[in-house]
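Observations on the three-dimensional arrangement
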4 protein chains.
Amino acid sequence: MTIDVKLLTFTPDAAKVVAAAAKLCYSSSGAADLFNELDNNKIESFLKKLNESGHMSPFEHVSFTFAVEGISRVATHQLVRHRLASYSQQSQRYVEMSSRECIMPPAIQNNTDAKSIFKKQVASAWDCYEKLLSIGITKEDARFILPHGAETRIVISMNARELHHFFSIRLCKRSQWEIRELARQMYVLVREASPELFKLGGPSCIVYGQCKEVHPCGDPYKDMESMLIK
Amino acid sequence: MTIDVKLLTFTPDAAKVVAAAAKLCYSSSGAADLFNELDNNKIESFLKKLNESGHMSPFEHVSFTFAVEGISRVATHQLVRHRLASYSQQSQRYVEMSSRECIMPPAIQNNTDAKSIFKKQVASAWDCYEKLLSIGITKEDARFILPHGAETRIVISMNARELHHFFSIRLCKRSQWEIRELARQMYVLVREASPELFKLGGPSCIVYGQCKEVHPCGDPYKDMESMLIK
Amino acid sequence: MTIDVKLLTFTPDAAKVVAAAAKLCYSSSGAADLFNELDNNKIESFLKKLNESGHMSPFEHVSFTFAVEGISRVATHQLVRHRLASYSQQSQRYVEMSSRECIMPPAIQNNTDAKSIFKKQVASAWDCYEKLLSIGITKEDARFILPHGAETRIVISMNARELHHFFSIRLCKRSQWEIRELARQMYVLVREASPELFKLGGPSCIVYGQCKEVHPCGDPYKDMESMLIK
Amino acid sequence: MTIDVKLLTFTPDAAKVVAAAAKLCYSSSGAADLFNELDNNKIESFLKKLNESGHMSPFEHVSFTFAVEGISRVATHQLVRHRLASYSQQSQRYVEMSSRECIMPPAIQNNTDAKSIFKKQVASAWDCYEKLLSIGITKEDARFILPHGAETRIVISMNARELHHFFSIRLCKRSQWEIRELARQMYVLVREASPELFKLGGPSCIVYGQCKEVHPCGDPYKDMESMLIK
């Protein structure tokens, strides 16, 4: 069970929309005209300038929607703390959890003893869940006994400004492995969909050239390309 | 000088994305599969149910971007109070206001005396602005003398949930004429772009069948089609 | 283990601040003068008018902060979906979960078989968590095996507008029992702290006199006082 | 006519609330106990650590409310673009603008010619406004002719996190003089109300030790004390 992220949809002409909106602020032309006049070179140099100066508000005009499976409720509880985003999540009140899936952390997978203990416990939690359902307990109450790592599914929409912020925090090596892997897959997808908008983003060590963590990882990223390889 | 609104871009397959995200909450399938299985009939009946029950959060996953010209700073000052939206506006600090345009309210246009007084005053305000620039005052300071009705340009992005809220308030006949005309043009555009999502929206008198205003207009809308005709 | 909510702090003179801010919109006086002139009768009649007309934005100027214990991560995952609020939550990454507490739903408490199954499973989950820690698995990874109902602690701040919205949804009998009990305790506390602001709030059946749920509970509240008794 | 800002109200024990909420995340104690145990030294060292690491979310739990007079609608149009805040503003639709006040930029005040031109134009704008009212034009339409610099009044609430962000941008010398003066007065007031929370804040050149503006002012602030003197 590993995270699986799909880019469900996104604003067409994303980079051009951002550049036209930004240009409007400093121009006597209208946005529709600016939009039509922009070519790729102009877009790129303009986005670079915006990004460097931190004037990120035009990045809000374009939005990206992801369908995520194979993620734990541990990770979605962290994820939904990002409030400038929209979420639709599979309900444990209404949907019976029949897949018996629980996300297993890599450190547990790679430890024979831990793995065996973990798998046994996951199975017993699901047995208990099903037992509770069978004696008349509702799904919404029985789920209290499910492991926190139980698989869930979620649809996420974020605009490009929030994505830049999300990546700067969650691609960081001090971020938890699962939300970091989510961020990495999201980054790979949006970078392919709109390279102009996202090749400028990344974790703080890349974008700001410095780390603000109290306990730095000691091994900052060298470049954005390293992001793209698992 | 009248408001001119263009729909610059919007999320493709908007109604389908909303329906798939909403269905995910109550289904054991993933969002990408749900997205592929949905046909138009299912989408419509599902959106209707969401709208009736007020579970509007899935409407946040799709977003619409508008380019607006011929609008006053009176109206944009009201507009940007809608905080769940994104804006990029022509700057009076950086752009010289050379068009000498000021939005004239219909009640003034339709009153010969008022119109003549208004036009004269607008011209004198612009003369003053230009005079101030000519003696070395900066644009950002000279603009204090420009009429509040001076024309501006703005790019607006709102998701479909916020649009429903915006329409419920701003299509109301108690809303100011200018922001109401902006709302009407936006409504016409999104209703054409995604009829499934927006034929359910409108002012409170239509959507909720009742008026909550302290001083009702006394002439509630009969149906949404009347919205579509100026 | 039951929910325990304390009102940690809140804006002083809350009702007066809301009334003064609202009056400013329609007055030629300044807010500080309006604030000083308001007496209790004026405040009450003014708040009532605001609430009836749905002009709730002045309610945003005052804010309430709660310290919550004895709540499950099931409930906090729901809670933090309310995005117009601020949260600080005990971290399972950094804090060892030594209390071995898990919230037990009343329906399970009241069912002898279910209760015994549940308690045994909770104990075995904690044994597993401790075993994993003892063989070198980190807290952040071991917690995947903890029950979703494990106890957590959280500080919540909401302004009075968001509280009214929160109560309208979460005091509803169709809301899950745990977040409903959280809402009830929060309601009791703020109603005592600022009766003028909150005696107008409550679930939809009380405030709007109608239910919008797809599946209504069939037993709407009669009055707000019933809220105040557990 | 100069900006006049009053601190109307704010969360009691602000620094202690922030510190207790932050400590909760890393502690096995509850927030109410942590709140009671904190002394001033612990609060200060803890806030410093939070600020340095950029973990600013606990600063959201406390909020400050300001009553502002003598500010132009030019400045409030900028101000209300800060969306993570609450505003109540004097309405030009409902309140007759009888004060005939318009904010005069310092650069115009200090230029005899400009000042004379400006004052004459302001007077003629108000004459026109009154004339339009006298022939039956409503306040909401007549105001289109008022100068953009016309005085307005506004109540502002921001939490301490947003205030830190607001100060970092608006105390910058590249920010417009009027909103900068608003920010300065707000800063002086909150720094007096809660020195522990705000002595760590300020413009980017102070807080981050570097300027991100495309066109830097060339004269960065030396220390925060210079902020406190007009």
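Summary of the structure given here. (Residues numbered from 1 in each chain as written. Chains lettered and ligands numbered in written order. Predicted model: local features only at pLDDT ≥ 70, side-chain atom pairs only at ≥ 80, totals over all residues.)

Let's talk about the sheet that holds strand β1 (residues 4–10) of chain C
Sheet strands pair by backbone hydrogen bonding; their relative direction is either parallel or antiparallel. Residues and elements named next belong to chain C. Ordered in space as β1-β2-β4-β3, the 4 strands form an open sheet in which the pairing is antiparallel. Only two strands of the sheet have a single partner each, and these edge strands are β1 and β3 (86–89). The mean inter-strand angle of the sheet, taken between neighbouring strand axes irrespective of direction, is 20°. In this sheet, strand β4 (residues 151–159) lies alongside β3 in antiparallel orientation, the contact comprising 4 bridges. If you follow S86 over to β4, its bridge partner there is S157. Across the sheet, helix α8 (residues 160–170) lies against β2 (63–72) and β4, angled at about 120° from β4, the strand it touches most. (Pairing = 2+ DSSP bridges. Helix = DSSP H or I, 4+ residues; strand = E, 2+ residues; numbered from the N terminus. Axes fitted to C-alpha atoms, helices over the stretch in contact; angles between N-to-C directions. Contact = placed C-beta atoms within 7 Å.)

What about the sheet that holds strand β1 (residues 4–10) of chain A?
Residues and elements named next belong to chain A. With antiparallel pairing, 4 strands are arranged side by side in an open sheet as β1-β2-β4-β3. Only two strands of the sheet have a single neighbouring strand rather than two, namely β1 and β3 (86–89). Each neighbouring strand pair of the sheet contributes to a mean axis angle of 20°, computed without reference to strand direction. With respect to the sheet, helix α9 (residues 177–193) is in contact with β1 and β2 (63–72), its orientation differing from that of β1 by roughly 40°.

Remarks on the interface of chain A and chain D
The interface is formed by 6 residues belonging to chain A together with 6 residues belonging to chain D. For the side of chain A that touches chain D, the class distribution of residues is 1 nonpolar, 2 polar and 3 charged. (Nonpolar A, V, L, I, M, F, W, Y, C, P; charged D, E, K, R; others polar.)

Observations regarding the interface of chain D and chain C
With 37 residues of chain D at the contact, the number on the chain C side is 38 residues. Every element with two or more residues in the side of chain D that touches chain C is listed here: β1 (4–10), α1 (14–24), α2 (31–37), β2 (63–72), β3 (86–89) and β4 (151–159) of chain D. A breakdown of the residues in the side of chain D that touches chain C according to their chemical character gives 16 nonpolar, 16 polar and 5 charged.

Thoughts on the nonpolar core
If you look at the biggest cluster of nonpolar residues, it comprises 269 residues, and the most contacted ones within it are V18 of chain A, V18 of chain B, V18 of chain C together with V18 of chain D. Residues within four places of V18 of chain D in sequence aside, it is in contact with L47, P58, F59, H61, V62, A160 and L197 of chain D. (Core = buried A, V, L, I, M, F, W, Y, C linked by C-beta atoms within 7 Å. Buried ≥ 20, exposed ≤ 12 C-beta atoms within 10 Å, placed from the backbone.)

Quick word on the relation of the copies chain D and chain C
Here chain D sits on chain C after a turn of 180° about the axis and a move of 0.0 Å along it, with an RMSD of 0.0 Å. Look at the turn and shift together and you get a two-fold axis relating the two. Residue T11 of chain D of chain D places its C-alpha closer to the rotation axis than any other residue of that unit, at 2.5 Å. (Least-squares fit on C-alpha atoms with pLDDT ≥ 70 in both.)

What to know about the packing of helix α8 (residues 160–170) of chain B against helix α9 (residues 177–193) of chain B
Residue and element names in this part refer to chain B. Contact pair α8 / α9: the axes reach a minimum separation of 9 Å and the direction vectors enclose 135°. The angle between α8 and α9 places the two elements in the oblique class. The hand of the α8/α9 crossing is left-handed. Contact residues: L163, F166, F167 and R170 in α8; I179, R180, A183, Y187 and V190 in α9. Partitioning the contact of α8 with α9 into residue classes produces 7 nonpolar, no polar and 2 charged. (Parallel < 35°, antiparallel > 145°, perpendicular 65-115°, else oblique. Left-handed = near helix turned anticlockwise from the far one by under 90°.)

Looking at the environment of K6 of chain C
Following the sequence through the fold, K6 of chain C ends up in strand β1. With 17 C-beta atoms packed within 10 Å, K6 of chain C lands in the partly exposed category. Excluding residues within four positions of it along the chain, K6 of chain C makes contact with F66 and A67 of chain C together with A32 of chain D.

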